[in-house]
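Next come the chains, spelled out residue by residue.
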Amino acid sequence: GDSVTQTEGLVTLTEGLPVMLNCTYQTIYSNPFLFWYVQHLNESPRLLLKSFTDNKRTEHQGFHATLHKSSSSFHLQKSSAQLSDSALYYCALSEGNNRIFFGDGTQLVVKP
Amino acid sequence: NAGVIQTPRHKVTGKGQEATLWCEPISGHSAVFWYRQTIVQGLEFLTYFRNQAPIDDSGMPKERFSAQMPNQSHSTLKIQSTQPQDSAVYLCASSPYTGQLYFGEGSKLTVL
């Protein structure tokens, strides 16, 4: 069945350094939608990025990700981390009109 | 647009009591999802409806949990004979056709 894998449970880095959170997925659906959701402390998850176009970079709020169907990946990146980026990040997969599958989440901690 | 509305925001019940959580999705969204979130288990899928019809309840604990969507403007999640392990934040989300989720603020259930 469909699944999403986020290999890092916790990423800790210093403010100003680049961010990369890994996301790979499995699906038999040829046109999946991939999402990154961010959840700050005491808040609900909210959409950060989405894509369904192969090899096209999508950007929002300084973060970017590119869907690579050849490697089934949708890694989240940012050139320079900010303290306010500390949050829980979920990668998610949708087949468009069906259930949405979430990864286990990556907790990002940005230190001064 | 008020977003997804969940009530109550906080509920405390005694072990063995019943708890009912309500969700009002965003008008026009065709799907409603229920998730449970804890520190230990993370974000767990419970069930979802599309156009008010139950589609997938594979995440629901069968014996004590039930969900309904009697009309397009609200859904309920009922937990009978609540147990301490049911303590969690229950998140409702609605989705338009593309699968992007819009989460409510959640209902925090505490079972004493």
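Treat the numbers as computed from the prediction; the structure is a model and nothing was measured.

### Quick look at the pairing of strand E8 (residues 74-79) of chain B
Residues and elements named next belong to chain B. Pairing of strand E3 (residues 19-24) with E8 involves 5 bridges; the strand directions are antiparallel. Bridge pairing links Leu21 to Leu77 in E8. Counting the residues between successive antiparallel strands, the hairpin from strand E7 (residues 65-71) to E8 contains 2 residues.

### Looking at the sheet that holds E8(B)
All names here are of chain B. One open sheet accounts for 4 strands, arranged E1-E3-E8-E7; its pairing is antiparallel. Edge positions in the sheet fall to strand E1 (5-7) and E7, since each of these pairs with one other strand and no more. Averaged over all pairs of adjacent strands, the angle between strand axes in this sheet comes to 20 degrees, irrespective of strand direction. Both E1 and E3 contribute to a ladder of 3 bridges, which runs antiparallel.

### Focus on the interface of chain B and chain A
Listed by partner, the interface residues are 20 residues for chain B and 17 residues for chain A. Across the chain B to chain A interface the summed buried area is about 1500 Å²; carbon plus sulfur atoms make up 51%. Linking chain B with chain A are 0 salt bridges, by the criterion used here. Along the contact surface separating chain B from chain A lie 6 residue pairs in polar contact (both at pLDDT 80 or more). The set of elements that each furnish at least two residues to the side of chain B that touches chain A consists of strand E4 (31-38) and strand E5 (42-50) of chain B. Broken down by element, the residue count for the side of chain B that touches chain A peaks at 5 residues, all from E5(B). Of the residues assigned to the side of chain B that touches chain A, the class counts are 9 nonpolar, 8 polar and 3 charged.

### Some remarks on the pattern of salt bridges
Under the criterion given, the structure shown has 6 salt bridges over all chains. In this structure, the salt-bridge partner of A:Arg57 is A:Glu59, at a minimum N-O distance of 2.9 Å. Looking at A:Arg57, the relative accessible area reads 46%, which means it is partly exposed. A salt bridge links B:Arg64 to B:Asp86, with the nearest nitrogen and oxygen atoms 2.6 Å apart. Residue B:Arg64 is located in the loop between strand E6 (53-56) and E7, and its partner B:Asp86 is located in the loop between E8 and strand E9 (88-95); the two are separated by 22 residues in the primary sequence.

Definitions and cut-offs
- Residues numbered from 1 in each chain as written.
- Chains lettered and ligands numbered in written order.
- Predicted model: local features only at pLDDT ≥ 70, side-chain atom pairs only at ≥ 80, totals over all residues.
- Heavy atoms only, no water.
- Pairing = 2+ DSSP bridges.
- Helix = DSSP H or I, 4+ residues; strand = E, 2+ residues; numbered from the N terminus.
- Axes fitted to C-alpha atoms, helices over the stretch in contact; angles between N-to-C directions.
- Contact = heavy atoms within 4.5 Å.
- Buried area = accessible area lost by both parts, 1.4 Å probe.
- Salt bridge = Lys/Arg side-chain N within 4 Å of Asp/Glu carboxyl O.
- Polar contact = N/O pair within 3.5 Å; in protein donor to acceptor, adjacent residues only side chain to side chain.
- Nonpolar A, V, L, I, M, F, W, Y, C, P; charged D, E, K, R; others polar.
- Buried < 20%, exposed > 50% of the residue type's maximum accessible area, 1.4 Å probe, protein only.

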